[in-house]
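Overview (structure and organization)
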Amino acid sequence: MIVPPQGPDSVRVALVGCGAIGELVARHVYATASGGFGLVAAIDPQAERRQAVAAALKVPAYPSVQAAADDGVMIDAVDIRTPHGAHAGPAFDALRRGWHVLVEKPLATTMADGERIRRAAAEAGRVVAVAENYPHIAAVRAAREAIAAGAVGDLLALRSTRLFTLDGVWLQDGWRRGDGPSGGLLLDQGTHHTSLLRYLGGPVSQVSAVNSSAASRSEGGRADTLLLTLRFASGLAAQSLYSWTAYPLAAEAEGTVIGSRGRIEIRVDYETDQGGAALWDEEAPGGRAISPPENYYDSHRSIVEDWASAIRSGGRPLVTVDDGLADLAVVLAAARSLDAGGRPVDIAEE
């Protein structure tokens, strides 16, 4: 049983990790929080990063969770925005201390660590949510509702696409582009789009993956353009195309729902508020919007609000540990397929 927080209604959150995503969430979510949760500490081993967030939000800065606890900071929960390989350790530590946890995707980099987080959360009776954006995006939710309502007829296939050039703050420290267990395109973007496709199509049973050999040669051998083919438990098929070296569009059609009587495009906008879902069918051959305009980063607020609400109520967050494990299993199976030259791999093998 999940135990709601004791004491004040507002959840006291420590931000663990003040790099690119941590700073984004601090400034766009915690700096404008209007109730229900609030930031009480900025934690990062790099002084410049933690102090920048702390100064902007007027909270104390610490090099570690232990330092914050030793200083008497009252913490109910931690928001973990560290590099991928450093998700599991802070999560275990927080749960041991009796705190709730929000962890940036992916949940972990191994299934063993993910399972340990799940067991620790159950034993501690604390809420663990995964900061996965797509189920929180209005366009994605609208597409799922339209599928369930039969708006596209028989669901025939799904497609996802994430094509852009990795640069700017996302390259700081270099870990995201590394080929090790903590970095790489597949782990970073694969968990994102697996979440999107699972939210629309249900459980995935098999996956195969190949890289573009031409793209890999041009990028010094890195697999920076990948194609995944997914088979769902229902028999549905889907494809995902990812690239970190492609020419980007302002509003990418990142998700496509293909049906016998209609089609839905889910456009995601990272710069303005022109994202949204549109449906094409016999009644609207030119397409019609089925969700309001939005910016991708609006979903970060929804993630934190949903997590804090689950903590206060003792309920379940929208994206659970089980969801994080399911996404991770698909990506790790895809990595095995990639190493085996594209051989299909059953998710059960993970």
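Residues numbered from 1 in each chain as written. Predicted model: local features only at pLDDT ≥ 70, side-chain atom pairs only at ≥ 80, totals over all residues. Heavy atoms only, no water.

Here we look at the nonpolar core
In a soluble, globular protein the nonpolar side chains are often hidden away together inside. For clarity, the threshold we go by: Nonpolar core, defined: a set of buried Ala, Val, Leu, Ile, Met, Phe, Trp, Tyr and Cys residues in which side-chain atoms within 4.5 Å join the residues together. Relative accessible area decides the class of each residue, using a 1.4 Å probe on protein chains only: under 20% of the type maximum gives buried, over 50% gives exposed, and in between gives partly exposed. Only DSSP runs of H or I reaching four residues or more are called helices, and only runs of E reaching two or more are called strands; each is numbered from the N terminus. Residues count as neighbours in contact if any of their non-hydrogen atoms are within 4.5 Å of one another.
Among the nonpolar cores identified, the biggest contains 77 residues, and Val78, Val101, Leu200, Leu228, Leu230, Ile264 and Ile266 are the most heavily contacted of them. The element best represented in this core is helix H10 (residues 321-339), accounting for nine residues. In this structure Leu228 touches Leu186, Val207, Ser208, Ala209, Ala238, Gln239, Ser240, Tyr242 and Ala334, once residues within four positions along its chain are discounted. Ile21, Val29, Ala131 and Ala310 belong to the second-largest nonpolar core, a separate cluster that totals 28 residues.

Looking at the packing of aromatic side chains
The line we're drawing: A pair of Phe, Tyr and Trp rings is counted when the ring centres sit within 6.5 Å of each other, with Trp represented by its six-membered ring. The angle between the planes then sorts it: under 30 degrees is stacked, over 60 is edge-to-face, the rest tilted. Definition used: whenever NZ (Lys) or CZ (Arg) falls within 6 Å of the ring centre and also within 35 degrees of the ring normal, the charge is taken to sit over that ring.
For the structure shown, the criterion picks out five aromatic pairs. The interplanar angle of 90° and the centroid separation of 5.7 Å between the aromatic rings of Tyr30 and Phe37 together place this pair among those described as edge-to-face. For the pair formed by Tyr30 and Phe37, the shared burial category is buried. One aromatic cluster is present, built from ring pairs that chain together Tyr134, Tyr270, Tyr296 and Tyr297. The ring of Tyr199 carries Arg144 above its face, with NZ or CZ at 4.1 Å from the centroid. Its end group placed over the ring of Phe164, Arg162 keeps NZ or CZ at 3.9 Å from the ring centre.

Focus: the sheet that holds strand E9 (residues 225-232)
The strands making up a sheet associate through backbone hydrogen bonding, with each pair oriented either parallel or antiparallel. So the rule is basically this: Pairing between two strands is assigned when DSSP locates at least 2 bridges connecting them. Note on definitions: angles span 0 to 180 degrees between N-to-C directions of axes, and those axes are lines fitted to C-alpha atoms, for helices only across the stretch in contact.
Spatial strand order, E14-E13-E12-E11-E7-E10-E9-E8-E15: nine strands in an open sheet with mixed pairing. The sheet is open, and its two borders are formed by strand E14 (288-289) and strand E15 (345-346), each paired with just one other strand. Where strand E7 (residues 155-163) lies against strand E10 (residues 237-243), seven bridges are found, and the strand directions are parallel. Pairing of Leu158 across the sheet is with Ala238, part of E10. The strands that helix H6 (residues 138-148) touches are E7, strand E11 (251-259), strand E12 (262-269) and strand E13 (276-281); relative to E12, the one it contacts most, it runs at about 170°. Its contacts with the sheet place H10 against strand E8 (204-211), E9 and E15, and it is angled at close to 45° to E8.

A few points about the side chain of Asn295
Put simply, the rule reads: Whenever two N or O atoms come within 3.5 Å, that pair is a polar contact, provided that in protein one can donate a hydrogen and the other can accept it, and provided that, for residues adjacent in sequence, both atoms are side-chain atoms.
Counting through the fold element by element, Asn295 comes out in the loop between E14 and helix H9 (298-313). Judged by its relative accessible area of 12%, Asn295 is buried. Of the polar contacts made by the side chain of Asn295, one reaches the backbone oxygen of Thr272; its length is 2.5 Å. A distance of 2.8 Å separates the side chain of Asn295 from the backbone nitrogen of Tyr297, its partner in a polar contact. Look past the residues within four positions of Asn295 in its chain and what remains in contact with it is Asp269, Tyr270, Glu271, Thr272 and Asp273.

A look at the confidence of the model for the protein chain
So the rule is basically this: Scored from 0 to 100, pLDDT records how confident the predictor is in each individual residue.
Averaged over every residue, the pLDDT of the protein chain is 92; residues scoring 70 or more account for 93%. For residues 1-7, every residue scores under 50 in pLDDT, and the model assigns this stretch 18 contacts once sequence neighbours within four places are set aside.

A word on helix H4 (residues 88-96)
Heads up, the rule is: The arc in question is formed by the directions pointing from the helix axis toward the C-beta atoms.
Looking only at H4, the buried set comprises Ala88, Ala91, Phe92, Ala94 and Leu95. Looking straight down H4, one finds that the buried residues subtend no more than 165° of arc, so they occupy a single side. Of the residues trailing H4, Gly98 is marked for its positive phi of about 85°.

Here's the deal with the sheet that holds strand E6 (residues 128-131)
Here six strands make up an open sheet; going across it, the order is E3-E2-E1-E4-E5-E6 and the pairing parallel. Only two strands of the sheet have a single neighbouring strand rather than two, namely strand E3 (61-62) and E6. Direction of pairing for strand E1 (residues 11-16) relative to strand E2 (residues 37-43): parallel, over a ladder of six bridges. From the neighbouring strand, Arg12 faces E2, where its bridge partner is Gly38.

A short note on the pairing of strand E4 (residues 77-80)
What counts here: By convention, a crossover is right-handed whenever its connection, traced from the first strand over the helix to the second and viewed with the strands pointing away, goes clockwise.
In E4, alternate side chains face the same way, and those of Ala77 and Asp79 on one face and Val78 and Ile80 on the other are all buried. Looking at chain direction, E4 and strand E5 (residues 100-104) are connected through four bridges and run parallel. Paired with Ile80 across the two strands is Val103, which belongs to E5. Note that the unit made of E4, H4 and E5 has a crossover that is right-handed.

Quick notes on unusual backbone geometry
In this structure, the amide linkage connecting Lys105 to the following residue, Pro106, adopts the cis form with an omega of -10°. Tracing the backbone shows Pro106 in the loop between E5 and helix H5 (111-124). The phi dihedral of Lys58 falls on the positive side, at around 60°, and the residue is not glycine. Looking at the secondary structure, you find Lys58 in the loop between helix H2 (47-57) and E3. Of the residues examined, Lys58 reaches a relative accessible area of 74% and is grouped as exposed. Phi at Asp173 is positive, roughly 75°, even though this residue is not glycine. Tracing the backbone through its elements, the reader meets Asp173 in the loop between E7 and helix H7 (185-201).

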